[in-house]
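Structural characterization, general
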Amino acid sequence: MRNIFKSFLLFSLFFLGCKSEKKEQFNPDKALEKRFSKLLEYQADSLSFPRSYSFEKKQVNKVPSKDWTSGFYAGNLWQLFEITNNTKYKDLAKKWTSFIEKEKYNNRTHDMGFKVFCSFGQGLKHIENQNYKDIIIKSSQTLITRYNDTIKSIRSWDFNKEIWKFPVIIDNMMNLEMLFEATKISGDSVYHKIAVTHANTTLKNHFRKDNSTFHVLDYSPKTGKVRMKVTHQGYNDNSVWARGQGWAIYGYTMAYRYTKDKKYLNQAEATANFYLSHKNLPEDGIPFWDFNAPNIPNEPRDVSAGTVISSALVELYKHTNNTKYLEYSKKVINTLKSENYILPESLNAPFILNHSTGNWPKNDEIDEPIVYGDYYFLETLLRLKSL
């Protein structure tokens, strides 16, 4: 009898031990809350904006305010304030936003919209602040100094001068939102007119017959004619770089919002339809970094491309009532709200999602958390909520 009792006791202890070791069921909303709180824990530093996280180096990649990604972190904090209504995010957002003000004088970059509008522009959604408006106007004044009336575009980069004379990248469409807003704030139409002119030039020259987009076009400053159509971050000059398609879809959807010019809406839809019907778009909606990468399906995904497009397609749905756009956005969010994509609580870094790809040709930020992937994820959540 004593042996039976001992056997029963041992079995019970074993059973309870196994039960206690059973993994707790993953709760995506709780997991996101824990990731959101990591941004509150990260110390504010005007010289060190968090851009990405390297698992190999086990460290946050920090950049100065001049980096094109600097505005996204403040933008994430503003959006988290809107999502949670926790004023701690708002207070931190104000602090990080203030660190970017000096960029309003930086005329060596086209990325003023990314830096200034994703921070100060987000702030204006939540507080009435004349200084924020003045910074957006001054930043827009600085940005349009890069406009060339012969080419009828805003110059993107200043490097590679031995190869490029006047490069314009599809990403530049995203910076036009700040110009459109600068006209609304100031009443001066010059910003709106330059934004429209740039959008028209890009519309004319950047798209292929199948409505995918090239990454970089180089123009002759003397004649205004296209010198070359190439890539800088895609697999090759004629490949379909996923995030580039996102900048195009988002950029022309946004341009339609401000102008109601139907040709912009038509291009946004055409590129969106190309993207959604592409044979190499995975079933879960998260694209490979480039649709022509040679080792698909064993290529890195790019969450940032997926979130840029998911955000854009919520707005495109609002303009068209085409439910396939909304269905894609919801699919992306459902995919990302999983253990595979939400970073674990144990990682002490101010990021939310894993598996973005920054610059594959340079082997830089491959399959890592990147700040702008989080930014457009949060924006998608808010846009879906507002429907």
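Preceding this section is the structure that the text describes.
Structure report, in brief. (Residues numbered from 1 in each chain as written. Predicted model: local features only at pLDDT ≥ 70, side-chain atom pairs only at ≥ 80, totals over all residues. Heavy atoms only, no water.)

Another aspect to go through is the overall build of the protein chain. Regarding its fold elements, the protein chain presents 13 helices and seven strands. Computed over its C-alpha atoms, the radius of gyration of the protein chain comes to 23 Å, within 12% of the 21 Å expected for a compact globule of 387 residues. Projected onto its principal axes, the C-alpha positions of the protein chain cover 100 × 45 × 45 Å. Looking at the 387 residues of the protein chain, the share that counts as buried comes to 58%. (Helix = DSSP H or I, 4+ residues; strand = E, 2+ residues; numbered from the N terminus. Rg over C-alpha atoms; globule rule 2.2 N^0.38 Å. Buried < 20%, exposed > 50% of the residue type's maximum accessible area, 1.4 Å probe, protein only.)

On to the nonpolar core, then. Ranked by internal contacts, the top residues of the largest apolar core, which has 104 residues, are Phe-72, Trp-96, Leu-176, Leu-179, Trp-247 and Tyr-376. With nine residues, helix α9 (residues 242-259) is the single largest residue contributor to this core. Discounting residues that sit within four places of it in the chain, Leu-176 has contacts with Ile-154, Ala-195, His-198, Ala-199 and Met-254. The next biggest cluster of nonpolar side chains, apart from the first, holds six residues, and it includes Ile-151, Val-168, Phe-214 and Leu-217. (Core = buried A, V, L, I, M, F, W, Y, C linked by side-chain atoms within 4.5 Å. Contact = heavy atoms within 4.5 Å.)

The terminal C-alpha atoms of helix α4 (residues 87-98), which comprises twelve residues, lie 17 Å apart, in line with the 16 Å expected from a rise of 1.5 Å per residue. Next to the buried residues of α4 lie α2 (28-41), β1 (49-54), α3 (70-84), α5 (112-124) and α6 (130-143). (Expected span 1.5 Å × (residues − 1).)

Moving on, we come to the environment of Ser-304. One can find Ser-304 in helix α11 (residues 303-320). In sequence terms Ser-304 and Pro-64 are 240 residues apart; their C-alpha atoms lie 21 Å from each other. If near-sequence neighbours (up to four positions away) are discounted, Ser-304 is found in contact with Arg-243, Ser-356, Thr-357, Tyr-372 and Gly-373. In this structure the side chain of Ser-304 is engaged in a polar contact, spanning 3.3 Å, whose partner is the side chain of Arg-243. (Polar contact = N/O pair within 3.5 Å; in protein donor to acceptor, adjacent residues only side chain to side chain.)

Looking now at the side chain of Ser-156. Note on placement: Ser-156 falls in the loop between β4 (153-154) and β5 (167-169). Polar contacts involving the side chain of Ser-156 include one to the main-chain amide nitrogen of Ile-169, which spans 2.9 Å. When residues no more than four places from it in sequence are discounted, the contact partners of Ser-156 are His-110, Arg-146, Pro-167, Val-168, Ile-169 and Asn-172.

Their axes nearest at 14 Å, the elements α9 and helix α13 (residues 371-386) cross at an angle of 45°. Taken together, the axes of α9 and α13 are oblique relative to one another. Classified by chirality, the crossing of α13 by α9 is left-handed. Across the interface between the two elements, Arg-243, Trp-247, Tyr-250 and Arg-257 from α9 touch Tyr-372, Tyr-376, Glu-379 and Arg-383 from α13. (Axes fitted to C-alpha atoms, helices over the stretch in contact; angles between N-to-C directions. Parallel < 35°, antiparallel > 145°, perpendicular 65-115°, else oblique. Left-handed = near helix turned anticlockwise from the far one by under 90°.)

The next thing to look at is the packing of aromatic side chains. In total, this model carries 30 aromatic pairs according to the counting rule given. On the basis of an interplanar angle of 55° and a centroid distance of 5.8 Å, the ring pair of Phe-72 and Tyr-372 is categorised as tilted. Placement of Phe-72 in helix α3 and of Tyr-372 in helix α13 is noted, with a sequence separation of 300 residues between them. Relative to Tyr-328, the ring of Tyr-275 has its centre 5.7 Å away and its plane inclined at 90°; by these criteria the two rings are edge-to-face. Residue Tyr-275 is found in helix α10 (residues 262-276), and its partner Tyr-328 is found in helix α12 (residues 323-336); the two are separated by 53 residues along the sequence. Assessed through its relative accessible area of 5%, Tyr-328 is described here as buried. Every member of this aromatic cluster is reached through a ring pair, and the members are Trp-68, Phe-72, Phe-114, Trp-247, Tyr-250, Tyr-372, Tyr-375 and Tyr-376. Positioned above the aromatic ring of Tyr-256 is the side chain of Lys-260, whose terminal nitrogen or guanidinium carbon lies 5.3 Å from the ring centre. Across the ring face of Tyr-264, the terminal group of Lys-263 is positioned such that the distance to the ring centre comes to 5.1 Å. (Phe/Tyr/Trp six-rings, centres within 6.5 Å; stacked < 30°, edge-to-face > 60°. Lys NZ or Arg CZ within 6 Å of the ring centre and 35° of its normal.)

Going residue by residue along strand β6 (residues 216-219), you find Val-216 and Asp-218 tucked away on one face and Leu-217 and Tyr-219 tucked away on the opposite face as well. Here β5 pairs with β6 via three bridges, running antiparallel. Across the sheet, Pro-167 pairs through a bridge with Asp-218, a residue of β6. Examined bridge by bridge, β6 and strand β7 (residues 226-230) share four bridges and lie antiparallel to one another. Pairing of Leu-217 across the sheet is with Lys-229, part of β7. In this structure, the hairpin formed by β6 and β7 is closed by a connection of six residues, where Gly-224 is found at a positive phi of approximately 80°. (Pairing = 2+ DSSP bridges.)

With that out of the way, let us pick up the packing of α3 against α5. Look at α3 against α5: their axes get within 7 Å of each other, and the N-to-C directions meet at 20°. The orientation of α3 relative to α5 falls into the category roughly parallel. The element α3 and its partner α5 pack so that their crossing is left-handed. In contact with Ser-70, Gly-71, Phe-72, Ala-74, Gly-75, Trp-78 and Gln-79 of α3, α5 contributes Phe-114, Lys-115, Cys-118, Ser-119, Gln-122 and Gly-123. Of the residues belonging to the contact of α3 with α5, the class tally is five nonpolar, seven polar and one charged. (Nonpolar A, V, L, I, M, F, W, Y, C, P; charged D, E, K, R; others polar.)

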